[in-house]
Amino acid sequence: SQTIHQWPATLVQPVGSPLSLECTVEGTSNPNLYWYRQAAGRGLQLLFYSVGIGQISSEVPQNLSASRPQDRQFILSSKKLLLSDSGFYLCAWSVQAGVADTQYFGPGTRLTVL
Amino acid sequence: AQSVAQPEDQVNVAEGNPLTVKCTYSVSGNPYLFWYVQYPNRGLQFLLKYITGDNLVKGSYGFEAEFNKSQTSFHLKKPSALVSDSALYFCVFSPLAGAGSYQLTFGKGTKLSVIP
């Protein structure tokens, strides 16, 4: 069966520090991968998605970036964190069926920027 | 703009009573609709989805949802609520195939509290 991992689970970082969040998927090949941010425990905002190694699409311009160095690894990064980057970050994967693909979410990373 | 709306921020129901979490959509053409649940400080879990066919969709944990095209609704239901059903519920839609077909659009969420 497929599983998705995210780490760290929680992170407290000062403003201006760098960020690296990691997501890995097991039990599937060539998945679509996604990064979302959830603010204040409510709606999710899609940040990035990837359909293959090195292929990243950004949905929202901001000081975050994403990379996919391996088929089942997705990394969210920032060179300098802002207070507004605080939130709950969720990684998700789906098979590449192309239509109404169900996305499966990881456990999330709670980021607090002070 | 295409969207889904969850008109209730919070729903309270007594344990053992039927529950309904409402969702309406504003989508051109035939929508693909999902329900996800999020327990406190956890990731989202997929409950069910509607693509085409039978308007009544059955999902995980005894939940079901009815697609109603005339009312543009996709309400989530369960015949008998459990305290463990207390969580945040999201109605989600996916556009038709093509560019952005894998981009999900989330409703704001409805917090369900089941009272013992």
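Everything here concerns the structure above.
Definitions and limits used
Residues numbered from 1 in each chain as written. Chains lettered and ligands numbered in written order. Predicted model: local features only at pLDDT ≥ 70, side-chain atom pairs only at ≥ 80, totals over all residues. Heavy atoms only, no water. Helix = DSSP H or I, 4+ residues; strand = E, 2+ residues; numbered from the N terminus. Contact = heavy atoms within 4.5 Å. Areas by Shrake-Rupley, 256 points an atom, 1.4 Å probe, with all protein chains shown as cover. Pairing = 2+ DSSP bridges. Axes fitted to C-alpha atoms, helices over the stretch in contact; angles between N-to-C directions. Buried < 20%, exposed > 50% of the residue type's maximum accessible area, 1.4 Å probe, protein only. Lys, Arg positive; Asp, Glu negative; His and termini not counted. Salt bridge = Lys/Arg side-chain N within 4 Å of Asp/Glu carboxyl O. Buried area = accessible area lost by both parts, 1.4 Å probe. Nonpolar A, V, L, I, M, F, W, Y, C, P; charged D, E, K, R; others polar.

Engineer: So what exactly am I meant to see when it comes to the overall build of chain B here?
Structural biologist: If you tally the helices and strands in chain B, you get zero helices and 12 strands. If you list the helices and strands of chain B from N to C, you get β-β-β-β-β-β-β-β-β-β-β-β. Viewed in the frame of its principal axes, chain B has a C-alpha envelope of about 45 × 30 × 25 Å. Put simply, of all contacts in chain B between residues at least 6 apart along the chain, 56% involve residues at least 24 apart. Summing over all exposed atoms, chain B offers an accessible surface of approximately 5,500 Å²; the carbon and sulfur share of this is 50%.

Engineer: Please clarify how the sheet that holds strand β1 (residues 3-7) of chain A should be interpreted in this entry.
Structural biologist: Note: strands within a sheet are paired through backbone hydrogen bonds, in either parallel or antiparallel orientation. Residue and element names in this part refer to chain A. Strand order in this open sheet of four strands is β1-β3-β8-β7, and the pairing throughout is antiparallel. Taken across any chain shown, the strands that pair with only one partner, and hence form the sheet edges, are β1 and β7 (64-70). Across the sheet, the mean angle separating the axes of adjacent strands is 20 degrees when strand polarity is ignored. The pairing of β7 with strand β8 (residues 73-78) spans five bridges and is classified as antiparallel. Bridge pairing in β8 places leucine 64 opposite serine 78.

Engineer: Help me understand the side chain of A:Asp101, please; the structure alone is not making it clear to me.
Structural biologist: By the element assignment, A:Asp101 lies in the loop between β9 (87-94) and β10 (104-105). One buried charged residue, A:Asp101, remains without a salt bridge, the closest side chain of opposite sign being B:Lys49 at 6.1 Å.

Engineer: Hey, could you run me through the interface of chain A and chain B in this one?
Structural biologist: In many analyses, interface size is given as the accessible surface area lost on bringing the parts together. On the chain B side, the residues contacting the 25 residues of chain A number 26 residues. Around 1,900 Å² of area is buried between chain A and chain B when both sides are counted, 56% of it from carbon and sulfur atoms. Broken down residue by residue, the surface that chain A buries against chain B is led by A:Arg42, A:Ala100 and A:Phe105, which jointly contribute 28%. Across the chain A-chain B interface, the total number found is zero salt bridges. Looking at the side of chain A that touches chain B, the elements with two or more residues in it are β4 (32-38), β5 (44-52), β9 and β10 of chain A. For the side of chain A that touches chain B, the class distribution of residues is 13 nonpolar, eight polar and four charged.

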